[in-house]
Amino acid sequence: MVPVEAFRVEVPGAPFGGVRLQMLTLVGNGWHPWLFREEVTSLIGEPEILHPRLVSIPLSEKIFSRISRAALIDDALQFSESYVIGEGTNSSQIARAISEWSSKFLMPGTFAIRSRSIGIAIDGISTKEIEMAVGDSISSERNNVDLEDPQIEISVVIAGQTEGEPHPDPLEDTPPIAVWGIRNPEWERENYSGRSPIERPFFKPVSLEPRQARLMISLGHRPGWDVKQVVDPFCGTGGIVIEAALQGIGVLASDLDSRMVEGTRKNLDWINGDYKAEISDASEIDSLWGVRDGCVFAFDPPYGRSSWKSEDGLDLFLSAISSARKVDPLGSISTMLPTGPEVLSLGPEEDFVVMGKKWSQLEELITQRGWRVALKSPIKVHRSLARMLIVCHPSD
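These figures come from a predicted structure and were not determined experimentally.

## So, the packing of helix H1 (residues 33-43) against helix H5 (residues 210-219)
Argument step 1. For the pair H1 and H5, the least separation of the axes is 8 Å and the interaxial angle reads 45°. The angle between the axes of H1 and H5 places the two elements in the oblique class. For the pair H1 and H5, contact is made by Leu35, Glu38, Glu39, Ser42 and Leu43 and by Leu215, Ser218 and Leu219, respectively.
Argument step 2. Of the residues assigned to the contact of H1 with H5, the class counts are 4 nonpolar, 2 polar and 2 charged.

## Things to note about the pattern of salt bridges
Argument step 1. Enumeration according to the criterion identifies 15 salt bridges in this entry.
Argument step 2. A salt bridge links arginine 183 to glutamate 153; the nearest nitrogen and oxygen atoms lie 2.4 Å apart. Highlighted residues: arginine 183 in strand E9 (residues 177-183) and glutamate 153 in strand E8 (residues 152-159), separated in sequence by 30 residues.
Argument step 3. Since its relative accessible area comes to 21%, arginine 183 is described here as partly exposed.
Argument step 4. Relative accessible area serves as the criterion here: at 17%, glutamate 153 is assigned to the buried category.
Argument step 5. Lysine 228 is the partner of aspartate 293 in a salt bridge, and the nearest nitrogen-oxygen pair spans 2.8 Å. Taken together, the residues aspartate 293 in the loop between helix H8 (285-289) and strand E13 (295-299) and lysine 228 in the loop between H5 and strand E10 (229-232) connect sequence positions 65 residues apart.
Argument step 6. Of the residues examined, lysine 228 reaches a relative accessible area of 42% and is grouped as partly exposed.
Argument step 7. A cluster of three or more residues bridged by salt bridges with shared partners is formed by Asp75, Arg114, Glu153 and Arg183.

## Overview of the layout of surface pockets
Argument step 1. Taken as a whole, the largest pocket encloses approximately 720 Å³ of empty space.
Argument step 2. Looking at the largest pocket, it is lined by 34 residues, and the ones nearest its centre are Val206, Asp300, Pro301, Pro302 and Arg387.
Argument step 3. Secondary structure elements with two or more residues in the lining of the largest pocket: helix H6 (239-246), strand E17 (371-382) and strand E18 (385-394).
Argument step 4. Split into classes, the residues belonging to the lining of the largest pocket amount to 18 nonpolar, 8 polar and 8 charged.
Argument step 5. If you add up the space inside the second largest pocket, you get close to 300 Å³.
Argument step 6. Considering the residues around the second largest pocket, the lining is formed by 13 residues, among which Pro168, Pro348, Lys376, Ser377 and Pro378 are closest to the centre.
Argument step 7. Sorting elements by how many residues they give to the lining of the second largest pocket places E17 first, with 3 residues.

## Description of the packing of helix H3 (residues 91-105) against helix H4 (residues 127-138)
Two packed helices can be described by the angle between their axes and the distance between those axes.
Argument step 1. H4 packs onto H3 with a crossing angle of 35° between their chain directions and a minimal axis gap of 9 Å. By crossing handedness, the relation of H3 to H4 is classed as right-handed. Side by side, H3 and H4 meet where Ser91, Ile94, Ala95, Ile98, Ser99 and Ser102 of the first sit next to Glu129, Ile130, Ala133, Val134, Ser137 and Ile138 of the second.
Argument step 2. Partitioned by chemical class, the residues of the contact of H3 with H4 number 7 nonpolar, 4 polar and 1 charged.

## Quick notes on the environment of arginine 66
Argument step 1. With respect to the helices and strands, the residue arginine 66 is situated in helix H2 (residues 63-67).
Argument step 2. Between the C-alpha atoms of arginine 66 and serine 218, which are 152 residues apart in sequence, the distance is 9.3 Å.
Argument step 3. Beyond its immediate stretch of four places on either side in the chain, arginine 66 contacts Ser42, Leu43, Ile44, His221, Arg222, Pro223, Gly224 and Trp225.

Each value, and the rule that gives it
- Residues numbered from 1 in each chain as written.
- Predicted model: local features only at pLDDT ≥ 70, side-chain atom pairs only at ≥ 80, totals over all residues.
- Heavy atoms only, no water.
- Axes fitted to C-alpha atoms, helices over the stretch in contact; angles between N-to-C directions.
- Helix = DSSP H or I, 4+ residues; strand = E, 2+ residues; numbered from the N terminus.
- Parallel < 35°, antiparallel > 145°, perpendicular 65-115°, else oblique.
- Contact = heavy atoms within 4.5 Å.
- Nonpolar A, V, L, I, M, F, W, Y, C, P; charged D, E, K, R; others polar.
- Salt bridge = Lys/Arg side-chain N within 4 Å of Asp/Glu carboxyl O.
- Buried < 20%, exposed > 50% of the residue type's maximum accessible area, 1.4 Å probe, protein only.
- 1 Å grid on protein atoms, 1.4 Å probe; cavity = no way out; pocket = protein on both sides within 12 Å on 5 of 7 lines; lining within 4 Å.
- Points joined across faces, edges and corners; volume = space filled by probe spheres on them.
- Left-handed = near helix turned anticlockwise from the far one by under 90°.

The values are spatial; any link to function lies outside them.
Pasting the structure below:
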């Protein structure tokens, strides 16, 4: 692909002879749009929200190294613009707007237009018609169409309203919008093929999927804060620390079960990861690792549905976050705790049950151990089980 001036952050053409900041539009995965937006906020800062699955952020020199750690970003579009779709909007109007945009931003080289729809289909809007109309309009000696190996890819996203998503989202009624831009060659969506739990040397049925593991790490980030290591005191088969090692983040893994520690080591050696993995009680990681900085404590406690209601399970979790506070009092916690599927239909103000405790009670216990809940969101596991994903920051 031809270069697209990845770090030029000022674009001519603003009113009154000024300049406008170049924006990057991020396209989110449909699995959990609200967590996609929270992930962007954790990695970069508060974005401009265009649609539940589309956000816009200012382009900067370090932006791609940050969003490369994301789990729920599907695409990154540079020189992007948008068109709010109202009643009566048709394919020709959108195609005309894209053609006008291309006269300012399309550089010499072969091109292809890739379009897709997300959300509910919109009457009168056809992605195929848009592709054909724009292609006919901008094709020239300067810009020839090449559908096989184009130097420039123009990506068009037609985003309808969301409906029937498994996870609640306060932005479900956002108006439809069309967004387009040049796909940045520096961005490549994470490919999880080849490292699913069943493909690893050591596997157990309770292993966390790679995307969720990566998401837990990214949500533990904070804008402007450098993550140096991921600490998992319940490492199990190593799903979380595998994702950390693949990103070049330091790994401190431990588990009370020696078989799990040995299995984690096998899996980390399999990816040639750099790590430390030891046998330890989760309540004693401060003695194991000492004082550190830049830590995300990312873990998925090993509670089966029959055991997570017990006080033993709760005490284990609370002792782990107490020990984490001693390791790095300025770190972050990112964890998933068991809850019931009814939480998916409850409002955020409801006092739902997590780990057998009313949420208000559990949150108070977390606060007493020096942490503040910064984010909580239910995640559907199956019909009879959900998890509550919780991110905590230091309370002071």
